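Chain by chain, the residues run as shown.
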Amino acid sequence: MRNAIACLLCLYLCAPVAFPADTIGPLRGYSNDSAKTERDWEAKFRAIPDPANLRAYMERLSKRPHHVGSPYDKDNAEWLLSKFMEFGLDAKIETFDVLFPTPKARELEMVEPTKFIAKLAEPTVAVDPTSSQHDEQLPVYNAYSIDGDVTAPLVYVNFGIPEDYETLDRLGVSVKGAIVIARYGNSWRGIKPKVAAEHGAIGCLIYSDPHEDGYFQGEVYPDGPFRPKDGAQRGSVMDMPIHPGDPLTPGVGATKDAKRLALKDVDVFTKIPVMPISYGDAEPLLAAMKGPVAPPAWRGALPITYHVGPGPAKVHLKLQFNWDTKPINDVVARIPGSTYPDEWIIRGNHHDAWVNGADDPLSGTVSVMEEARALGALLKQGWRPKRTIILCLWDGEEEGLLGSTEWAETHQDELRKYGAVYINSDTNARGYLGVEGSHTLEKFLNGVARDIEDPETKLTVWKRLQMREISMQGAEARNRPDLRIGALGSGSDYTAFLDFLGVASVNMGFGGESQGGVYHSVYDDFFWYTHFGDPNFVYGRALAQTAGTAVMRLADSELLPYDFDNFTDTIRRYIDEVQKLAKDKRDQIVERNKRIDEGLFTAIMDPRIPMTVPPKETVPPFLNFAPLDNGLTALQRTAEAYDKALAQATENGDAALARAALKEANDKLVQVERALTLNEGLPNRPWFKHQIYAPGFYTGYGVKTLPAVRESIEQKDWKLADEEIAKVGKVLENAGEAIQGATSELSRAVK
Ligand SMILES: [Zn+2]
């Protein structure tokens, strides 16, 4: 398809201004006539979403706190359902019962060297009308922390990621028996208590340093968008890299009569009590610490000298939770497909929030609402999608992707057969289009982005993104036909679709020009969003246009527009990366051992500030990467053959795709992403089945590509690395076979 793409680009770039971009040019997976019809429907669709509606939906949905189990969460779900029905869609609420702990007791006090009692409260901001709804606000806490009552000296652990503990070792500071205080940032929050517990800590505080999202970044709320002194970040600390979803029903839907684990058998709770605090509460604790001065990179923006400890600050932390089961309400609408009803295009965003949640998640939720309204309007005008479209508004995302995971697990048999693509969004604001997802959709998503106008610059969102990529990453973005999309880790509702089911998935949203520090606080509300997020809701409209166009283009195509050429190119890069990682690890160990032997560490240290010499390590063996290279070759061969077959299908008389019976070819195409999974999952985490993408075991949200291989190298488990290389190599070969199967069906159908 390289040539065809070049033509498409040329057509687009050279087209006279009188021809709007969205009425010309071929579309992958469409015959020419159908492409023209499709573009007409899409243009009609994009004219419908209205910023005034987005604003009104957000105002209504964010009027009161709407966390899981709250009256307004249910009220919102029912209202969303009524809107879907008003738009003419067939919709229902699917309810699950999930474990959702809420605080019963929260106490934090410093007992030595001075007394200080933490406020643990976010005060009302006078100009912000919903910030005063204290009776309904969920207190600041970390969901799925265990109960605990601990008193111990504090140790400051920077971001609390594994390499911070290597630094602590060198400083001769242990966290054994201590309570650690970590700052938010640089990892998903759940990693901090996990790593702290692995090192022997007995409690964990996570605070928001003004360096990350407070006054160091800009004006604080309400004068600006950044976190005020007493603002704190709620959030889940469930061990989601093991599995997300209801902790009592891993792998199956949390339906009424599902078999549930006993609390004592749950493996995703933290091992130690953990609590988030504001910097208003953290500053007196940090100021009372002594011990080594924190290394430069560890210092935040508070007006104190940061010390590592341990102590003399000693704190008492007491946490107790109600371990209740609460209902969650997913709102699901379905538009049946006319030709391929058993191929599903799924679109979702969550509707629950920690408090009022205007930015997270309603800025994305309201776009799905306008997409639903627009699709409803097109249906009335006679449009019929070939494939089934399912629109989902999830509940319980914030606590651990509960609504989407339970829905995906409940419908897993159907979804493994019929799930073609899942498109997710979450927060949305002013800025650039951000897209991450399955690389089988990279080319397709580039095509969509070329047809959407950026509301402020009037460039296409693709062009704007390309310019930014050139400025940040250089010429590749100028020369490669398609912009690269990122890979998906975790952090929103695509996780179960991609990682558990192997459904090709995408996450999209605008952002980058509206920053802030109200994430998961009471100040993420309508007042904040309409001043600092996307005040005119024009990027909300752009998201509805982008995601809606993608949904329609996927649902209406004759042949599903996956592409395996960009996918293979991406896999090649990942293989290069893990090979380099192994080499670098080896070189590092060799060099460090040499330095230990020659006495370098002792020679360069200030004798008055002793540091521990790191221990010598065994030099790792060379790994055999041949299985990955063989898998890649199989992919390259079959991707080329598929492109050739598709080119022939579109050359041999335009209408070949329109005429042919393509059900078998499409069915095979849907299964290619599934071929990238292994039922046994990743080492030590069987729920995560995808072998190309996973959230990192020690990053939480951040992606690890080729995760089994990459993480075994990072963790220096060389034997496991060799085994996983062989396994993943075979997975790539399986994917090659799946592509070959689709190629044969396509060639047969258009003959
Ligand atoms: Zn969210």
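Up top is the structure.
Residues numbered from 1 in each chain as written. Predicted model: local features only at pLDDT ≥ 70, side-chain atom pairs only at ≥ 80, totals over all residues. Heavy atoms only, no water.

1. Re the packing of helix H2 (residues 32-46) against helix H18 (residues 538-556)
- Closest axis-to-axis distance for the H2/H18 pair is 10 Å, and the angle between their directions is 150°. Looking at the two axes, H2 sits roughly antiparallel to H18. Here H2 and H18 pass one another in a crossing that is right-handed. Residues Glu38, Arg39, Trp41, Glu42, Phe45 and Arg46 of H2 pack against Ala544, Gln545, Gly548, Thr549, Met552, Arg553 and Asp556 of H18.
- The residue makeup of the contact of H2 with H18, split by class, is 4 nonpolar, 3 polar and 6 charged. (Axes fitted to C-alpha atoms, helices over the stretch in contact; angles between N-to-C directions. Helix = DSSP H or I, 4+ residues; strand = E, 2+ residues; numbered from the N terminus. Parallel < 35°, antiparallel > 145°, perpendicular 65-115°, else oblique. Left-handed = near helix turned anticlockwise from the far one by under 90°. Contact = heavy atoms within 4.5 Å. Nonpolar A, V, L, I, M, F, W, Y, C, P; charged D, E, K, R; others polar.)

2. Overview of helix H23 (residues 663-674)
- With 12 residues, H23 should reach 16 Å at 1.5 Å per residue; the first-to-last C-alpha distance of 17 Å fits that figure.
- Of the positions making up H23, those classed as buried are Ala665, Asn666, Leu669, Val670, Val672, Glu673 and Arg674. (Expected span 1.5 Å × (residues − 1). Buried < 20%, exposed > 50% of the residue type's maximum accessible area, 1.4 Å probe, protein only.)

3. Thoughts on H2
- Across its 15 residues, H2 extends 21 Å between first and last C-alpha, which sits within 8% of the 21 Å expected from 1.5 Å per residue.
- What H2 keeps buried is the set Ser34, Ala35, Glu38, Arg39, Trp41, Glu42, Phe45 and Arg46.
- Packed against the buried residues of H2 are helix H9 (358-380), H18 and helix H22 (656-659).

4. Here's the deal with the packing of aromatic side chains
- A full pass over the atoms with the stated rule returns 27 aromatic pairs.
- For the pair Trp528 and Tyr529, a centre-to-centre distance of 6.4 Å together with 45° between the ring planes defines the contact as tilted. With respect to burial, Trp528 and Tyr529 carry one shared label: buried.
- Measuring from centroid to centroid gives 5.3 Å for Phe564 and Tyr642, while their planes differ by 75°, and the two rings are edge-to-face. Residue Phe564 is located in the loop between H18 and helix H19 (565-597), and its partner Tyr642 is located in helix H21 (residues 626-651); the two are separated by 78 residues in the primary sequence.
- With a relative accessible area of 1%, Phe564 lands in the buried category.
- Three or more aromatic residues link up through ring pairs in this structure, and these residues are Tyr221, Tyr523, Phe527, Trp528, Tyr529, Phe532 and Phe537.
- One cation-aromatic arrangement involves Lys194 over Phe697; the distance from NZ or CZ to the ring centre is 3.5 Å.
- Lying across the ring of Phe500, Arg416 places its NZ or CZ 5.1 Å from the centre. (Phe/Tyr/Trp six-rings, centres within 6.5 Å; stacked < 30°, edge-to-face > 60°. Lys NZ or Arg CZ within 6 Å of the ring centre and 35° of its normal.)

5. Quick notes on the coordination of the zinc ion
- Around the zinc ion, the donor atoms from the protein are His350 (NE2), Asp360 (OD), Asp426 (OD) and Asp426 (OD), and they sit 2.0 to 2.6 Å away.
- Here the donor residues for the zinc ion map to a single chain with the spacing H-x9-D-x65-D. Of this pair, His350 sits in strand S10 (residues 340-350) while Asp426 sits in the loop between strand S12 (419-424) and strand S13 (431-437), and the two are 76 residues apart along the sequence. Summarising the burial analysis for this pair, His350 and Asp426 share the class buried. (Donors = N, O, S within 2.8 Å, 3.2 Å for Na, K, Ca; no water.)

6. As for the side chain of Glu122
- Looking at where Glu122 falls in the secondary structure, it is placed in the loop between strand S2 (116-117) and strand S3 (142-143).
- A polar contact of 2.9 Å, which involves the side chain of Glu122, links it to the backbone nitrogen of Ala232.
- There is a polar contact of 3.2 Å between the side chain of Glu122 and the backbone nitrogen of Val522.
- For Glu122, the contacting residues outside a window of four places in its chain are His134, Val140, Asp230, Gly231, Ala232, Arg234, Ser521, Val522 and Tyr523. (Polar contact = N/O pair within 3.5 Å; in protein donor to acceptor, adjacent residues only side chain to side chain.)

7. Let's talk about the pattern of salt bridges
- Within the structure shown, the criterion is met by 50 salt bridges.
- The salt bridge involving Lys458 is made with Glu453; its shortest N-O contact spans 3.9 Å.
- Residue classification places Lys458 among the exposed positions, given a relative accessible area of 52%.
- Between Lys704 and Glu714 there is a salt bridge, with the nearest N and O atoms lying 2.9 Å from each other. Residue Lys704 is located in strand S16 (residues 703-705), and its partner Glu714 is located in helix H24 (residues 707-714); the two are separated by 10 residues in the primary sequence.
- In this structure Glu714 comes out as partly exposed when scored by relative accessible area, which is 27%. (Salt bridge = Lys/Arg side-chain N within 4 Å of Asp/Glu carboxyl O.)

8. Some points on the packing of H21 against helix H25 (residues 718-750)
- Contact geometry of H21 with H25 gives a least axis separation of 8 Å together with a crossing angle of 15°. Put simply, H21 runs roughly parallel to H25. Between H21 and H25 the crossing geometry is left-handed.

9. Here we look at the environment of Asp525
- You can see Asp525 is positioned in the loop between strand S14 (504-512) and helix H17 (526-533).
- A relative accessible area of 0% means that Asp525 is categorised as buried.
- Expressed as a C-alpha distance, the spacing of Asp525 and Gly357, which sit 168 residues apart in the sequence, is 5.6 Å.
- Setting aside residues no more than four positions away along its own chain, Asp525 makes contact with Asp128, Thr130, Ser131, Tyr221, Asn356 and Ala358.
- At 3.0 Å, the side chain of Asp525 and the backbone nitrogen of Trp528 are in polar contact.

10. Notes on the nonpolar core
- Grouped together as the largest cluster of nonpolar side chains are 226 residues, with contacts concentrated most on Ile181 and Leu746.
- With 12 residues, H25 is the single largest residue contributor to this core.
- In this structure Leu746 touches Leu559, Tyr642, Ala645, Leu646, Ala649, Leu657, Leu662 and Ala665, once residues within four positions along its chain are discounted. (Core = buried A, V, L, I, M, F, W, Y, C linked by side-chain atoms within 4.5 Å.)

11. Observations concerning the pairing of strand S8 (residues 274-277)
- Neither face of S8 is open: one carries Val274 and Pro276, the other Met275 and Ile277, and all of them are buried.
- By the bridge criterion, 4 bridges tie strand S6 (residues 203-207) to S8 in an arrangement that is parallel. Paired with Cys204 across the two strands is Val274, which belongs to S8. (Pairing = 2+ DSSP bridges.)

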